[in-house]
Amino acid sequence: MSTDIENRRDALRERYLRPVGERPASTARGLHHTALVSSDVERTVAFYQDVLGFPLTELIDNRDYPGSSHFFHDIGNGNLLAFFDFPGLDLGPYAEVLGGLHHVAISVDPARWEELVARLADAGVEHEVHSGVSVYFRDPDGARIELISDPLGEMYGHQVL
């Protein structure tokens with residue numbers, strides 16, 4: 001890794017990262033939901049509910065676009081993964097762009113993680129396991145999803161919260 005890059009990271013840490021005891025409390029309560037775009041409601045529900053085990057909790061009208069649905073999946077701990085469909089709009093394929101989504105990392109219990117990796121394989125979903133605790137794959141519309149078995153607030157042995 002470039003020394004310049006590491007020096008820049010060190011400078012950013014020095015400027016912005018406060019020790020745990022000195023950090024102010026967050027003004028937020030948590031992530032209410034992350035909303036992705038779905039090209040096919042039924043296919044998306046089947047993938048997230050049947051393959052991943054994230055129950056559908058609601059399917060309502062999207063108030064911002066007539067004929068569009070807004071639907072939600074329970075990803076545990078009071079958190080939701082939501083979707084919009086936009087029928088009639090010619091949306092392009094998933095793309096990683098500045099300001100866009102790189103991936104969604106969802107925490108799962110280590111015992112469930114093994115089961116979910118097997119379920120992905122059984123469903124024929126291409127996936128890649130990293131570090132024995134993360135599995136990366138794409139949903140039916142190409143969004144990159146990570147299932148990680150590290151505890152919340154921890155990543156690969158580092159406390160991140």
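Quick caveat, the model's predicted, so the values are computed rather than measured.

Cut-off values and rules
- Residues numbered from 1 in each chain as written.
- Predicted model: local features only at pLDDT ≥ 70, side-chain atom pairs only at ≥ 80, totals over all residues.
- Heavy atoms only, no water.
- Core = buried A, V, L, I, M, F, W, Y, C linked by side-chain atoms within 4.5 Å.
- Buried < 20%, exposed > 50% of the residue type's maximum accessible area, 1.4 Å probe, protein only.
- Helix = DSSP H or I, 4+ residues; strand = E, 2+ residues; numbered from the N terminus.
- Contact = heavy atoms within 4.5 Å.
- Pairing = 2+ DSSP bridges.
- Axes fitted to C-alpha atoms, helices over the stretch in contact; angles between N-to-C directions.
- Patch = residues over 30% accessible without salt bridge, like charges linked within 9 Å, V, L, I, M, F, W, Y side chains within 5 Å.
- Areas by Shrake-Rupley, 256 points an atom, 1.4 Å probe, with all protein chains shown as cover.
- Salt bridge = Lys/Arg side-chain N within 4 Å of Asp/Glu carboxyl O.
- Parallel < 35°, antiparallel > 145°, perpendicular 65-115°, else oblique.
- Nonpolar A, V, L, I, M, F, W, Y, C, P; charged D, E, K, R; others polar.

Participant: I'd like a rundown of the nonpolar core, residues and numbers included.
Facilitator: Membership of the largest hydrophobic core comes to 24 residues, with the highest contact counts inside it found for L36, Y48, L52, F137, I145 and L147. Looking at this core, the elements with two or more residues in it are helix 2 (41-51), strand 4 (80-85), strand 5 (104-107), helix 3 (110-122), strand 7 (134-138) and strand 8 (144-148). With five residues, helix 2 is the largest single contributor of residues to this core. Setting aside its immediate chain neighbours within four residues, F137 contacts F47, L52, L120, V125, E126, H127, A143, R144, I145 and L147.

Participant: Report on the sheet that holds strand 5, specifying residues and quantitative values.
Facilitator: Reading across from one edge, 5-8-7-6 is the order of the four strands in this open sheet, with mixed pairing throughout. The two strands at the open ends of the sheet, each matched to only one other strand, are strand 5 and strand 6 (127-130). Ignoring strand direction, the axes of neighbouring strands in this sheet form an average angle of 20°. Judged from the four bridges that link them, strand 6 and strand 7 form a sheet pairing that is antiparallel. Its bridge partner lying in strand 7, H130 is registered against S134.

Participant: Residues and numbers for the pairing of strand 7, please.
Facilitator: Judged by how many residues are buried, strand 7 sits mostly within the fold: four of five residues are covered. What sits between the antiparallel neighbours strand 6 and strand 7 is a turn of three residues, in which S131 has the positive phi angle 60°. Counting the residues that bridge the hairpin from strand 7 to strand 8 gives five residues, and of these G142 lies at a positive phi of roughly 95°.

Participant: Would you mind going over the pairing of strand 5 in detail, with residue names and values included?
Facilitator: Here strand 5 shows a buried face lined by V104 and I106 and an unburied face lined by A105 and S107. Bridge count for strand 5 against strand 8 is four bridges, and the pairing is parallel. Bridged to I106 within strand 8 is L147.

Participant: Break down a nonpolar patch on the surface for me, citing the residues and quoting the values.
Facilitator: A contiguous nonpolar patch, built from M155, Y156, V160 and L161 and spanning about 410 Å² of accessible area, is present on the exposed surface. What makes Y156 partly exposed here is its relative accessible area of 33%.

Participant: I'd like a description of unusual backbone geometry, backed by residues and values.
Facilitator: Not every positive phi belongs to a glycine, and N77 is a case in point at roughly 60°. You can see N77 is positioned in the loop between strand 3 (69-74) and strand 4. Judged by relative accessible area, which is 67%, N77 ranks as exposed. The phi dihedral of S131 falls on the positive side, at around 60°, and the residue is not glycine. Classification of S131 as exposed rests on a relative accessible area of 61%.

Participant: Tell me about the packing of helix 2 against helix 3, and please be specific about residues and values.
Facilitator: Contact geometry for helix 2 and helix 3: axes closest at 10 Å, N-to-C directions at 140°. Judged by the inter-axis angle, helix 2 sits oblique to helix 3. Listed contacts from helix 3 to Q49, D50 and V51 of helix 2 are L116, R119 and L120. Taken together, the residues of the contact of helix 2 with helix 3 break down into three nonpolar, one polar and two charged.

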